[in-house]
Amino acid sequence: MAAPSADLALPAPGFGAALRKAIGPIGLLRESPVGMVGITLVAFWVLVAIFAPLIAPYDPLATQDPFRCPPWWQHSYCPTNEVDNFYLLGTDHLGRDVFSRLVWGARKVLIYAPLATLCAYTVGIVMGLCAGYYRGWTDNILSRFADLILSFPVLVLYILIIAHFGASAVNIVVAIVFASGPGIMRIVRGLVLDLRTREYVAAAETRGEPAWWIMLVEILPNARGPLIVDACLRLGYVTITIGVLGFLGLGLPPPDPDWGGMINETRSMAISFPHMTVFPCIAISTLILGFNLMADGLREISLRD
Amino acid sequence: MLLFILKRIGFMALTMLAVSVVLFALLEIDKEKVAVRVIGQYTTPEQRALWLERNGYNRPIVERYVSWLGHVAIGDFGRSVRYQSPVADVLWPRVWNTVILATYALGIIVPLSLVLGILAGMREGSKLDRAISVTCIGTTSVPEFASAVFIAALFVFVLGILPGTSSMADGFNVLELVMPVMVLVLYDFGYVARMTRASMAEVMTTQYVRTAVLAGLPYARVIWKYALRNALIAPFTVIMLQVNWLLSGVIVVEVFFSYKGFGALLLDASLSQDVYLIEACTLVAVFVAVGTQTIADIAYTYLNPRIRFT
């Protein structure tokens, strides 16, 4: 087991080293079985999303034979006449292949969830760095603002914003940034308040380095441990949020396949044709489970050291 | 202590005030939009102008806000367009229904998660601990809408033993509450259990617990008399804060099972742009969230002798 830690400890020069340093903790996951399961689940969906055009047997928007049940799960409500096409997971009320929509839907969620999380992190980190580094009235204003946002029940805030400004991909990302930025800010602020008292920060200040350089280069990299764990957890939450918004009819606009939206469109038929809703639910649950297990594995490793 | 409580309540009032300003700014600054939403899209500009004049919308914005706040403070939220009746008449019965749902859910979540958390935290790293922890991650990974689908598929489609909706059309029926409560419990108990576990595990490593064990006291007695009291302080706060999450979950569950509660009303109001109803619902939701946070803060300082704010 000496080899992996050795190549982490001796960074090769250049971009590769910086990258390895940044994702180092994720590489360490191989020491945690729970984390390995998590990363496998996530990797599975990432591969499905990348190779969606090769995996999906049909066009996700093509309407063919409606209300088909999966061939291995026939029940009394299913139409029984033979059709030529083979639908692994059946079709929905418009005759679109559930399996193909599921595969293409993975793309949607794996683009928007990381994108929204990344944007929220950018905003949250900038706010947190400023609040923690400058303290004083900057901190006061930013913290009161965060208190205000965080006093809303999460989903209420999302519903308010999206119902008011309309459901679109951009608005969903903006709403997520707005609602989770303050939470990230609080974490970063706490870490910065501690880190800014370290000697290397004092040294940098003495050298006359500009404030933004100290925040981004001296302080931020040293706060990355807890932030990576939180980012994994938050990816899970954001995935849930996108799913919930889709479920409530406030998500990405149809007809493009999106897991939450698939559940929303067919839930009135869930009692008679459960295959239309159950499979998207399994898909989103396994992806979230992947993120959460990854976060748990990372936390376990970071606690061990 | 009294001063601290007053401070917290004052802070709570300030937060509510700030929320009301944001809400008013978001929904009522553009008075033309309010007119369109209240008296309809197909009205003439003259009709809208007349309506705005009659309802005092031509006053300065600050005056309008203060008068709105005054009415809200005495529980007069205006008239719902969607339901064609005063907002208060629609709102309070719905809130009551949600209180019933949430009480059942919390009544199961709290004992279940405390017991599991304590069992897991008693022996950190044991097989039981790992099993409980992984189960908790598993259940919190399934969003409410997904577990609602799974549970409905199982109990209605496969087993056929529970009613598929919870609209309470034929009067109150406990059976119709089973699935909504189950969904809420499944999603929420994991988090509280994990927090309880962390708190319990921490207490188990303290000197006084070790001393008690080494002094030869029976293990059960050490847990009951020494560890539990301190281990339960943190979970209490978490449970109070959990009400905030429960409010979000309640929206999904009520929509899925068409339960006539507060969460479904809030979504309904937002989707139909029913301005006054949105304002009332949001204020109630924020009040509950901030109120439970305040209670959690006060109780935490009361329960934990190491913290004393004045």
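Residues numbered from 1 in each chain as written. Chains lettered and ligands numbered in written order. Predicted model: local features only at pLDDT ≥ 70, side-chain atom pairs only at ≥ 80, totals over all residues. Heavy atoms only, no water.

### A closer look at the interface of chain B and chain A
No. 1: At the junction of the two partners, chain B supplies 48 residues and chain A supplies 43 residues.
No. 2: Summing both partners gives a buried area of about 3,800 Å² for chain B against chain A, and 77% of it is carried by carbon and sulfur.
No. 3: The interface formed by chain B and chain A holds one salt bridge in total.
No. 4: With a closest N to O distance of 3.1 Å, Asp296(A) and Arg194(B) form a salt bridge.
No. 5: The tally of links from chain B across to chain A stands at five residue pairs in polar contact (both at pLDDT 80 or more).
No. 6: Broken down by secondary-structure element, the contributors of at least two residues to the side of chain B that touches chain A are α1 (2-28), α2 (31-39), α6 (127-141), α7 (144-158), α8 (174-204), α11 (233-256), α12 (262-271) and α13 (275-303) of chain B.
No. 7: Considering only residue class, the side of chain B that touches chain A consists of 34 nonpolar, 10 polar and four charged. (Contact = heavy atoms within 4.5 Å. Buried area = accessible area lost by both parts, 1.4 Å probe. Salt bridge = Lys/Arg side-chain N within 4 Å of Asp/Glu carboxyl O. Polar contact = N/O pair within 3.5 Å; in protein donor to acceptor, adjacent residues only side chain to side chain. Helix = DSSP H or I, 4+ residues; strand = E, 2+ residues; numbered from the N terminus. Nonpolar A, V, L, I, M, F, W, Y, C, P; charged D, E, K, R; others polar.)

### Remarks on the packing of helix α5 (residues 98-134) of chain A against helix α10 (residues 211-219) of chain A
Residues and elements named next belong to chain A.
No. 1: As a packed pair, α5 and α10 sit with axes 11 Å apart at the nearest point and diverge in direction by 110 degrees. By the angle between their directions, the pair α5 and α10 is classed as roughly perpendicular. Each of Leu 129, Cys 130, Tyr 133 and Tyr 134 in α5 lies in contact with α10, whose residues at this interface are Ala 211, Ile 214, Met 215, Leu 216 and Ile 219.
No. 2: Residues of the contact of α5 with α10, tallied by class, amount to nine nonpolar, no polar and no charged. (Axes fitted to C-alpha atoms, helices over the stretch in contact; angles between N-to-C directions. Parallel < 35°, antiparallel > 145°, perpendicular 65-115°, else oblique.)

### Here we look at the domain arrangement of chain B
Many analyses report the size of an interface as the accessible area lost when the parts associate.
Residues and elements named next belong to chain B.
No. 1: Along its sequence, chain B is carved into domain 1 (2-74) and domain 2 (88-303).
No. 2: For domain 1 versus domain 2, the separation of C-alpha centres amounts to 33 Å.
No. 3: If you look at the interface, domain 1 gives 19 residues, while domain 2 gives 15 residues.
No. 4: At the boundary of domain 1 with domain 2, total buried surface from both sides reaches about 1,600 Å², with 78% on carbon and sulfur atoms. (Domains from an automatic or database assignment.)

### Here we look at the pattern of salt bridges
Pairs may arise between side chains of opposite charge once their charged atoms sit close together.
Residue and element names in this part refer to chain A.
No. 1: Enumeration according to the criterion identifies 15 salt bridges over all chains in this entry.
No. 2: The partner of Arg 299 in a salt bridge is Asp 296, and the shortest N-O contact between them spans 3.6 Å. Taken as a pair, Arg 299 and Asp 296 lie in helix α13 (residues 275-304) at a separation of three residues, close to a single helical turn.
No. 3: Given a relative accessible area of 29%, Arg 299 falls into the partly exposed group. (Buried < 20%, exposed > 50% of the residue type's maximum accessible area, 1.4 Å probe, protein only.)

### Some words on the side chain of Asp296(A)
No. 1: Asp296(A) sits in the buried class, given a relative accessible area of 9%.
No. 2: Setting aside anything within four residues of it in sequence, one finds Asp296(A) in contact with Val34(A), Arg130(B), Ile137(B) and Arg194(B).

### Concerning the nonpolar core
No. 1: Membership of the largest hydrophobic core comes to 157 residues, with the highest contact counts inside it found for Leu248(A), Trp259(A), Leu91(B) and Phe262(B).
No. 2: Among the elements that line this core, the one with the most residues is α5(A), at 14 residues.
No. 3: Three or more residues apiece are contributed to this core by two domains, here domain 1 (2-74) and domain 2 (88-303) of chain B.
No. 4: When near neighbours in sequence (up to four residues on either side) are disregarded, Phe262(B) contacts Leu91(B), Arg94(B), Val95(B), Thr98(B), Leu247(B), Glu254(B), Cys281(B), Val284(B) and Ala285(B).
No. 5: Counting 11 residues, the second-largest nonpolar core is a separate cluster that includes Met204(B), Ala212(B), Val222(B) and Leu228(B). (Core = buried A, V, L, I, M, F, W, Y, C linked by side-chain atoms within 4.5 Å.)

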